[in-house]
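# A look at the structure
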Amino acid sequence: MATKKKTRNTKIAKGTKAAKSTKSAQRKTAPRKAASRRTTARAVVQPPNHPTTQPPKQSAKYIPQEFESKWFQKWTADELYQTTPADERPKAYILDFFPYPSGDGLSVGHCRNYVPTDVMSRYYRMRGYNVLHPMGWDAFGLPAENAAIKAKTNPAKLIADYSANYKRQFALLGISFDWSREINSSQPNYYRWTQWIFLQLYKAWYDPRVNAARPIAELEKELAEQGTRAIPSVVSADALTAEQWRALSAKERNAFLMNFRLAYRKAAQVNWCPSCKTVLANEEVSEGKCWRCGSVAEKKTLMQWFFRITAYADRLVADLDTIDWPEHIKLMQRNWIGRSEGAEVQFPVISDQLSANSSPITDNSITVFTTRPDTLWGATFMVLAPEHPLVEKLTTAECRAQVEAYVAQAKRETEAERAAVEKEKTGVFIGAYATNPVNGARIPIWVADYVMMGYGTGAIMAVPAHDERDFAFALKFGLPILPVIERTDPSTGSGLAKSFALGGTMRDGFADALRAEGIPFEEKQGSLYITIPPAKMTRYVEIAQQFVQPGEWNEVVGARWLFIFGPNDVETFGGMESEKRILARCHALEPDVRGKRTVMEMLYAVEFYHDALFHAEYGAMINSDEFSGTPGNVAVHRVTQWLQQTGKGTRQVNYKLRDWGISRQRYWGTPIPIIHTDRGEVPVDEKDLPVKLPDVESYEPSATGESPLATIPKFVNVTLPDGTPGRRETDTMGTFACSSWYFMRFADPHNDDAAFDPKQVAYWLPVDTYVGGAEHAVMHLLYARFWTKVLHDLGYVPFVEPFTRLRNQGMILAPEEKDGKREKMSKSKGNVITPDEVVKEYGADALRAYEMFISDFEQATPWSTQGLGGTWRWLRRVWDLLLAPSDRPAADATTERADRDLRRAIHKANRKVSADIEGFRFNTVVSAMMEFTNVITDAQSQVSDAAFEEARHTLLLLLAPIAPFMAEEIWARKGRKYSVHQQKWPQFDAMLAADEMMTLPIMVNGKVRDRVELPVGVSEIEVKDAALRTQNVQKHLAGKTPAQVIYVPGRMVSIVVR
RNA sequence: GCCGUGGUGGCGGAAUAGGAAUACGCGAAGGUCUCAAAAACCUUUGCCCUUCACUGGGCGUGUGGGUUCGACUCCCUCCCACGGCACCA
């Protein structure tokens, strides 16, 4: 560090001398001690009688407000950023997330992604790429509709105003969007094709045999020929023979096909406000109440449209491995899809319980899904979700009243209440029993709200010893808990076993005997807390038998489960019978435990045991008949295989992912192109698209829960070409539909004959770089991936992933207050900073540079007006430097060396700036530019005219993507041919960037003690020699001979002395 | 609770691949210019000790440990902040 600074000081000192010795009168008047890059630059810029070629109106000073808007107008007029159609150049598609234009406009926080993607686009244009960098509006949706209702206007008008404002702000920032490709998802020429894609989904089904979507017509053909025989059951459709299919009416066939279509209709619940008589979005319900009127939100069941995204779950998981996305986003998608492998197992209901019911059902059984078939032997009860249809069927007469009350209460609870944190477990026994199919155990059936109808089969086998929720439930209701998986001690990797010897239960000398055997324990208040090493287990059991007092017992828990009552009187806890036996004996011996209903409840009273009683590890199986001893890593697999072979269960994959609901009972969205008739749904003919949203005055919600469109007869009532009367579907699509394909439309935005020209899409797509906030990590990105795969399967696009590279920008927070608290920018807190105010004061280029410089692109960070001032001052120094006159001294020996150094800096800067723009390291792009500026300034009075010009030329070109306005203005003032943005990116030469000398730090025993400067490429022996000779190293060696000298080529020398 | 991300000067942050910690910028202090101020520019700026000075030394990347000639970087423990999910069988 010190050396480095000294070096620079030396250079500056030399520079000053050189400056003074030159002829410039101005420089002679410079302060004697000036010696600075900055004074020098400034002194050169403002000579009183410097001959200037500039028109009088131009300021010599950097005043961005004088020229920024002028240049943007010219760029627009010249169509400088219009994308050219597909050609032979390499393409770069750089895209920002589709924004909803909000009435509040952009803040400096929103610019965090628009500026860097613009820099990148400008960079790739200069690199000779054909760049697509478009912008459009995600214009449909709730915010616009609500704002319009409030303002008593049409949302289309609001969107027009808001997007115009966004466009103005983008212009202010110099963002180089190709506005000729602007799209608006709420215009018929766009949503016509959203409807078209809906129809493609409606007319397709997912064939698991080929793992792809296929036309539904092919399914109909197959059904007519051979029924459902060859179709694996992926949907909840009944099996059908060809004859049965052919016998169905058109309406019945339609209903049957709904089980297969990728766009289908089913009953689903919505939030309903009984007072506003309207459907509420999740966002409009807070704490179970309507956010407008505060009444309690209810559930209402409506027929709604869904996309069958679950069919693609496996592909959506698998293809994540092929794309360059942040790992945490991929992880969030994997978790969201929530693929889990397990088994479905049938638990027969014990029929004698049913005989009491009026309709005895002989083949009744409860199907459960489990990810842990290896724990089946520990299933000691079952739980049904309150909504489960078998609750009604199986509840016995004695329990009916209680069960019905419980179910009614559970249904009243909102989802939020039911999922409340640390909620006390509740549930009711329904009076019926089932048989555990693996061991024939008779186990009770309960109903409880911690089981959800929406996941798995809505019923579970409860394995309380190895599932936390089941454990809590069993403890509360006194249900038996049987360990069936061995506990491993995480710290040793072997079995964890514990014993608690209560004071007075063991004879004297027990502790000494343990000590003699080397079994560790702690003694507190006369009781022993023993942790038994696996190797000593047998010995421990022998010792305990000898020392246990008559009428007392000692137990072992964890890896083994033993109750030691006396010599040769040891009970193993390992099944329902032993549970009963042990409990009876303990109750008999000890009045204090008589209140305990299960062995585990008794043990749970000892806190020392807690970590050994319950665990969810994949350990070796115990207490599981012939499977006991099966190692943990193969247990699930082996049991699943056995279940399949014996017909007790089947291997099953389950997902958390639900199908994508798109129905919105709203006006402002894409109408769903379906007509309802007596013979079922009929899709609107593709040539009749778009189904236009009627332009109406009032679109307040209907009182029935239907969309406002339902109140417009002119829209609703239609007659099909064959004269059949029909009713249009009145739901509109949620906006995720619009944003699931817009990136394709940008490739061919004005096509009226198709959603896009496949050739254009094949050229531009997939998107090379996609940038937006992490809040869309799951939904939007998953849906867009899904649509892309469907369109691929149906032959419309040649790729399966839409976004090759994804990056998320970090949030820009409000400037830090004195208390150091970090806050988001928000209108309500009044701490929003707009680009408008920043551009007005500092100009767009300073804003752009600061947006890049502020921090790592993905990291959240507070805005700082002082930091912004720093980048502004840098730009001003660049301005002065680039517009300074060129009158360097003639070349001589000194300049030759300085020229070489400067040229090296030029190529190093080029390399760094290029690599960092491509790698999303925008903050170091700016710091590298600042350093390059400093180097040129420092060197300017020592180098030749040619080298100085080369450096300044490169600086200007590297600056063009970052500060486009200033670069263009300087380019013009220098009299160069318009435009700087159409220039080639400067050439990089690795040879010229290579260093001649290297400074190597020398470590002695891990501490830097000295440094040597050597030419690059000297031999290892020379380096070591030089290192050992340096003064401070000699001092630290203190006459000793080094034991080891390590040379890391070009990096450092490390000397070890003992 | 689980999952994810992060923790480096007074502040924003940098550090390619295990090899010079704190680049670049802000702020601060002192100075130059000025009648003065602002602006601009110069110098210093992790902490501590030592030296008139040159210098030399110790500590230092949330905590504690480990691996290594060498750790911001790799491994283990713990703490804190932020984001997301939450009875998912």
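Residues numbered from 1 in each chain as written. Chains lettered and ligands numbered in written order. Predicted model: local features only at pLDDT ≥ 70, side-chain atom pairs only at ≥ 80, totals over all residues. Heavy atoms only, no water.

### Details of the overall build of chain A
- Each helix and strand counted, chain A has 37 helices and 40 strands in total.
- Looking at chain A as a whole, 52% of its 1058 residues qualify as buried.
- Contacts in chain A between residues at least 24 apart in sequence constitute 70% of all its contacts with a sequence separation of at least 6.
- Summed over its atoms, the accessible surface of chain A is roughly 48400 Å², and 51% of this surface lies on carbon and sulfur atoms. (Helix = DSSP H or I, 4+ residues; strand = E, 2+ residues; numbered from the N terminus. Buried < 20%, exposed > 50% of the residue type's maximum accessible area, 1.4 Å probe, protein only. Contact = heavy atoms within 4.5 Å. Areas by Shrake-Rupley, 256 points an atom, 1.4 Å probe, with all protein chains shown as cover.)

### Description of the packing of helix H29 (residues 844-853) against helix H34 (residues 964-973)
- Where H29 meets H34, the axes come as close as 7 Å, and the angle between the chain directions of the two elements is 130°. Regarding the angle of H29 to H34, the classification is oblique. Facing H29, whose interface residues are Ala 844, Asp 845 and Arg 848, H34 presents Pro 964, Phe 965 and Met 966.
- When its residues are assigned to classes, the contact of H29 with H34 shows four nonpolar, no polar and two charged. (Axes fitted to C-alpha atoms, helices over the stretch in contact; angles between N-to-C directions. Parallel < 35°, antiparallel > 145°, perpendicular 65-115°, else oblique. Nonpolar A, V, L, I, M, F, W, Y, C, P; charged D, E, K, R; others polar.)

### Topic: helix H17 (residues 468-477)
- Looking only at H17, the buried set comprises Asp 470, Phe 471, Phe 473, Ala 474 and Leu 475.
- Backbone geometry just downstream of H17 places Gly 478 in the positive-phi region, at approximately 65°.

### Looking at the side chain of Glu 579
- Here Glu 579 is to be found in helix H20 (residues 576-589).
- Comment: no salt bridge for buried Glu 579; closest opposite-charge side chain is Lys 580, at 9.1 Å.
- The residues contacting Glu 579, other than those within four sequence positions of it, are Pro 480, Ile 481, Phe 573, Arg 597, Thr 598 and Val 599. (Lys, Arg positive; Asp, Glu negative; His and termini not counted. Salt bridge = Lys/Arg side-chain N within 4 Å of Asp/Glu carboxyl O.)

### Notes on the confidence of the model for chain A
- With 90% of its residues at a pLDDT of at least 70, chain A reaches an overall mean of 85.
- Per-residue pLDDT, averaged within each element of chain A, yields its smallest value for helix H2 (residues 25-28) (28) and its largest for helix H8 (residues 188-202) (97).
- A low-confidence stretch, residues 1-56 (pLDDT under 50), is modelled with 45 contacts involving residues beyond four sequence positions or located in other chains.
- Note on residues 353-362: pLDDT is under 50 here. Beyond four places in sequence and across chains, it has 14 contacts. (pLDDT = per-residue confidence, 0-100.)

### Let's talk about the environment of Ile 962
- Among the structural elements, Ile 962 can be located in the loop between helix H33 (945-959) and H34.
- Separated by 37 residues in the primary sequence, Ile 962 and Val 925 have C-alpha atoms spaced 9.1 Å apart.
- With residues up to four places along the chain from it excluded, the contact list for Ile 962 reads Val 119, Asp 845, Arg 848, Ala 849, Met 852, Val 925 and Met 929.

### Section: the environment of Trp 75
- You can see Trp 75 is positioned in helix H4 (residues 68-77).
- In this structure, Trp 75 is in contact with Leu 80, Tyr 81, Arg 122, Pro 964, Phe 965, Glu 968, Tyr 978, Ser 979 and His 981, ignoring residues within four places of it in sequence.

### Considering the sheet that holds strand S24 (residues 649-654)
- Across the sheet, three strands lie side by side as S13-S12-S24; this open sheet has antiparallel pairing. Whereas interior strands pair on both sides, the edge strands pair on one side only; in this sheet they are strand S13 (365-370) and S24. The average angle at which neighbouring strand axes cross in this sheet is 30°, direction not considered.
- Bridging between strand S12 (residues 340-348) and S24 involves six bridges; their strand directions are antiparallel. Bridged to Ala 343 within S24 is Arg 651.
- The sheet contacts of helix H23 (residues 632-646) involve S12 and S24, and relative to S24 the element is tilted by about 125°. (Pairing = 2+ DSSP bridges.)

### Considering the protein's contact with RNA strand B
- Taken together, 65 residues lie near RNA strand B, and Thr 371, Tyr 455, Arg 469, Ile 854 and His 1036 sit nearest.
- Sugar and phosphate atoms form 71% of the subset of RNA strand B atoms that lie within 4 Å of the protein.
- Between RNA strand B and the protein, one listed contact pairs a base nitrogen with a backbone N or O atom of Thr 999 at 3.5 Å.
- In this structure, His 1036 approaches RNA strand B through a side-chain N or O atom, which is 2.9 Å from a phosphate oxygen. (Near = heavy atom within 4 Å. Polar contact = N/O pair within 3.5 Å; in protein donor to acceptor, adjacent residues only side chain to side chain.)

### Overview of the environment of Gly 1017
- Within the secondary structure, Gly 1017 sits in the loop between strand S38 (1007-1015) and helix H36 (1020-1029).
- Residues Gly 1017 and Pro 1049, spaced 32 residues apart in sequence, show a C-alpha to C-alpha distance of 8.9 Å.

### A word on the pattern of salt bridges
- Evaluated as defined, the whole model comprises 59 salt bridges.
- Across the salt bridge formed by Lys 167 and Glu 182, the nearest N and O atoms sit 2.8 Å from each other. With Lys 167 in helix H7 (residues 155-173) and Glu 182 in the loop between H7 and strand S4 (183-184), this residue pair connects regions lying 15 residues apart in the sequence.
- The partner of Asp 314 in a salt bridge is Arg 339, with the nearest N and O atoms 2.5 Å apart. You can see Asp 314 sitting in helix H12 (residues 313-318) and its partner Arg 339 sitting in the loop between helix H13 (327-337) and S12, a full 25 residues away along the chain.
- Residue Arg 339 is classed as partly exposed on the basis of its relative accessible area, which comes to 34%.

### Regarding the packing of aromatic side chains
- Counted by the stated rule, this structure contains 70 aromatic pairs.
- With a centroid separation of 5.7 Å and 75° between ring planes, the pair formed by Phe 307 and Trp 787 is classed as edge-to-face. With Phe 307 in strand S11 (residues 298-307) and Trp 787 in helix H27 (residues 779-793), the pair connects residues that are 480 residues apart, well separated along the chain.
- Taking relative accessible area as the criterion, Phe 307 reaches 0% and is therefore assigned buried. (Phe/Tyr/Trp six-rings, centres within 6.5 Å; stacked < 30°, edge-to-face > 60°.)

### Brief notes about the packing of H29 against helix H32 (residues 922-939)
- The geometry of H29 relative to H32 is characterised by a closest axis approach of 6 Å and an angle of 120° between their N-to-C directions. Taken as axis vectors, H29 and H32 run oblique relative to one another. Residue-level contacts link Ala 849, Met 852 and Phe 853 of H29 to Phe 922, Asn 923, Val 925, Val 926, Ser 927 and Met 930 of H32.
- Here the contact of H29 with H32 is composed, by residue class, of seven nonpolar, two polar and no charged.

### Describing the sheet that holds strand S15 (residues 428-435)
- The mixed open sheet is built from four strands, whose spatial order is S15-S16-S14-S17. If you trace the sheet from one side to the other, it starts and ends with S15 and strand S17 (459-462), each paired once. Between one strand axis and the next, the sheet turns by 25° as a mean value, whatever way the strands run.
- As paired elements, S15 and strand S16 (residues 442-447) share five bridges and run antiparallel to each other. Within S16, the position partnered with Thr 435 by the bridge is Arg 442.

### Focus: the nonpolar core
- Judged by nonpolar contacts, the single largest core of 183 residues is most densely connected at Phe 198, Phe 743, Leu 765 and Trp 863.
- By size, the runner-up hydrophobic cluster in this structure holds 77 residues, among which are Ala 432, Ala 448, Leu 482 and Phe 563. (Core = buried A, V, L, I, M, F, W, Y, C linked by side-chain atoms within 4.5 Å.)

### Thoughts on unusual backbone geometry
- The omega angle of the peptide bond from Leu 689 to Pro 690 is 0°, so this bond is cis rather than trans.
- For Pro 690, the location among the structural elements is in the loop between strand S29 (680-683) and helix H24 (713-716).
- Cis peptide bonds are those with omega within 30 degrees of zero, and the linkage from Leu 765 to Pro 766 qualifies with -5°.
- Tracing the backbone shows Pro 766 in the loop between helix H26 (758-764) and strand S33 (767-772).
- The backbone of Glu 79 shows a phi angle near 50°, a positive value even though the residue is not glycine.
- Relative to the helices and strands, Glu 79 is located in the loop between H4 and strand S1 (91-96).
- Although it is not a glycine, Lys 152 sits at a positive phi angle of roughly 50°.

### Quick word on the pairing of strand S23 (residues 569-572)
- By the bridge criterion, four bridges tie strand S22 (residues 562-566) to S23 in an arrangement that is antiparallel. By the bridge assignment for S23, Leu 562 is matched with Thr 572.
- In this structure, the hairpin formed by S22 and S23 is closed by a connection of two residues, where Asn 568 is found at a positive phi of approximately 55°.

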